Amino acid sequence: YLQAAPPTNYLVIRGTVRAQELAGVVRKTLNEIDPNQAVAGIATIGESIDRNAARHRFNMILLLWFGICAAILAATGVYSVLAESMAARRREIAIRTALGAQKPRLVRQMIASPLVFVLAGEAIGGGMVWVFGRVGSELLYGVSARDPVLLGGVAIFLFVISAVAALWPAWAAAGRDPAESLRAS
């Protein structure tokens, strides 16, 4: 200690009285021991932990917002692609309706193929997360990179968005007059 004293010394005290009362006693006692010894600050363990964790907490909140924005962008992209795909099939839906296809069956047929692609994409993405999940695992706190609940929740969220994106235009196109749809396209 005398050869290489650390630049800052810490004194940890456990007490049964309030922190403000204990701080006064500590300052007085340190002043009696060595009046030249400066006391930079007194804080409770909770305050010290909060101060030390503030940067990490900010980074996690920032990453959380980036994750939310990424989820919204992914949902918007999936919705846009599927809605455009269904709008492009409006003529096909009109022809099938004109030939006598029932609306519920037609809608099921129209949304089945896009949802198969969505499930395939989710399976590929889940596989990639499973294989490469360790890459970002040091950034995660309180959750595993391969957390099945989290991965399942994201997959269900994107599947529901995809189902709505495929169902809405297919249902609207199947409910239109076939002659009007064919004239418009």
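Everything that follows concerns the structure shown earlier in this document.
Rules used in this analysis
Note on numbering: residues in each chain are counted from 1, in written sequence order. In keeping with the model being predicted, local features are shown solely for residues with a pLDDT of at least 70 and side-chain atom pairs are shown and tallied solely at 80 or more, while totals for entire chains, interfaces and linings include all residues. Excluded from the side-chain calculation are hydrogens and water; included are all heavy atoms of the structure. Strands are runs of DSSP state E lasting at least two residues, helices are runs of H or I lasting at least four, and both sets are numbered from the N terminus onward. The reference for a compact globule is 2.2 Å times residues^0.38; the radius of gyration itself is calculated from the C-alpha atoms. Each residue's exposure class comes from its accessible area (1.4 Å probe, protein chains only) as a fraction of the maximum for that residue type: buried when under 20%, exposed when over 50%, partly exposed otherwise. We call two residues in contact when some of their heavy atoms are within 4.5 Å. In this description, a nonpolar core means a group of buried Ala, Val, Leu, Ile, Met, Phe, Trp, Tyr and Cys residues linked to one another through side-chain atoms lying within 4.5 Å. Geometry is summarised by axes, namely lines fitted to C-alpha atoms with helices restricted to the contacting stretch, and by angles between N-to-C directions that run from 0 to 180 degrees. In this scheme, roughly parallel covers angles under 35 degrees and roughly antiparallel covers those over 145, while 65 to 115 is roughly perpendicular and the rest are oblique. Handedness of a crossing is defined here by the sense of rotation of the near helix relative to the far one, left-handed for an anticlockwise turn of less than a right angle and right-handed for a clockwise turn. The salt bridge criterion pairs a side-chain nitrogen of Lys or Arg with a carboxyl oxygen of Asp or Glu, the two atoms within 4 Å. Using a grid of 1 Å spacing that covers the protein atoms alone, one calls a set of points a cavity when a 1.4 Å probe fits there but cannot get out, and a pocket when the set is open and has protein on both sides within 12 Å along at least five of seven lines; lining residues are those with an atom within 4 Å of a point. Grid points are joined across faces, edges and corners, and a volume is the space filled by probe spheres set on the points. Each residue gets one label: Ala, Val, Leu, Ile, Met, Phe, Trp, Tyr, Cys and Pro are nonpolar, Asp, Glu, Lys and Arg are charged, and the others, such as Gly, are polar.

1. As for the overall build of the protein
Summing up its helical and strand segments, the protein has 6 helices and 0 strands in all. Shown N-terminal to C-terminal, the secondary structure of the protein runs as helices and strands in the order α-α-α-α-α-α. The C-alpha atoms of the protein give 31 Å as radius of gyration, which overshoots the globular expectation for 185 residues (16 Å, by more than 25%). Taking all 185 residues of the protein together, 16% fall into the buried category. For the protein, the share of sequence-separated contacts (at least 6 apart) that also reach a separation of at least 24 residues comes to 68%.

2. Re the nonpolar core
In terms of nonpolar packing, the biggest core is built from 12 residues, these being Met86, Ile93, Leu106, Val107, Met110, Ile111, Leu115, Ala163, Ala166, Ala170, Ala173 and Ala174. Elements that contribute at least two residues to this core include exactly helix H4 (103–132) and helix H5 (148–175). Leave out the neighbours within four places in its chain, and Met110 touches Met86, Arg89, Glu92, Ile93, Arg96 and Ala170.

3. So, the packing of helix H3 (residues 90–98) against H4
As a packed pair, H3 and H4 sit with axes 11 Å apart at the nearest point and diverge in direction by 150°. Of the possible angle classes, the one that applies to H3 and H4 is roughly antiparallel. The two elements H3 and H4 cross, and the hand of that crossing is right-handed. Residues Glu92, Ile93, Arg96 and Thr97 of H3 form the contact with H4, whose own contacting residues are Leu106, Gln109 and Met110.

4. Digging into the pattern of salt bridges
Scanning the entire structure with this criterion turns up 3 salt bridges. For Arg18, the salt bridge is made with Glu21, and the minimal N-O distance between the two is 3.4 Å. Glu21 gets classed as partly exposed once you look at its relative accessible area, which sits at 43%. In this structure, Arg96 engages Glu92 in a salt bridge whose closest nitrogen and oxygen atoms are separated by 3.3 Å. Highlighted residues: Arg96 and Glu92, both in helix H3, separated by 4 residues, approximately one helical turn. Taking relative accessible area as the criterion, Arg96 reaches 31% and is therefore assigned partly exposed.

5. Observations regarding the side chain of Ser162
With respect to the helices and strands, Ser162 occurs in helix H5. The exposure class assigned to Ser162 is buried, which follows from its relative accessible area of 0%. What Ser162 contacts, discounting residues up to four positions off in sequence, is Val78, Leu82, Leu115 and Val118.

6. Thoughts on the layout of surface pockets
Each pocket or cavity is described by its volume, and for the largest pocket that value is around 1,200 Å³. Lining the largest pocket are 33 residues, with Tyr10, Leu11, Gly41, Ile42 and Ala43 positioned closest to its centre. Among the secondary structure elements, those contributing two or more residues to the lining of the largest pocket are helix H1 (19–33) and helix H2 (45–88). Tallying contributions element by element places H1 first for the lining of the largest pocket, with 7 residues. Within the lining of the largest pocket, the residues separate by chemical class into 19 nonpolar, 9 polar and 5 charged. By volume, the second largest pocket amounts to about 940 Å³. Around the second largest pocket, the lining comprises 26 residues; the ones closest to its centre are Val129, Leu140, Leu150, Leu151 and Val154. For the lining of the second largest pocket, the secondary structure elements donating two or more residues are H2, H4 and H5.

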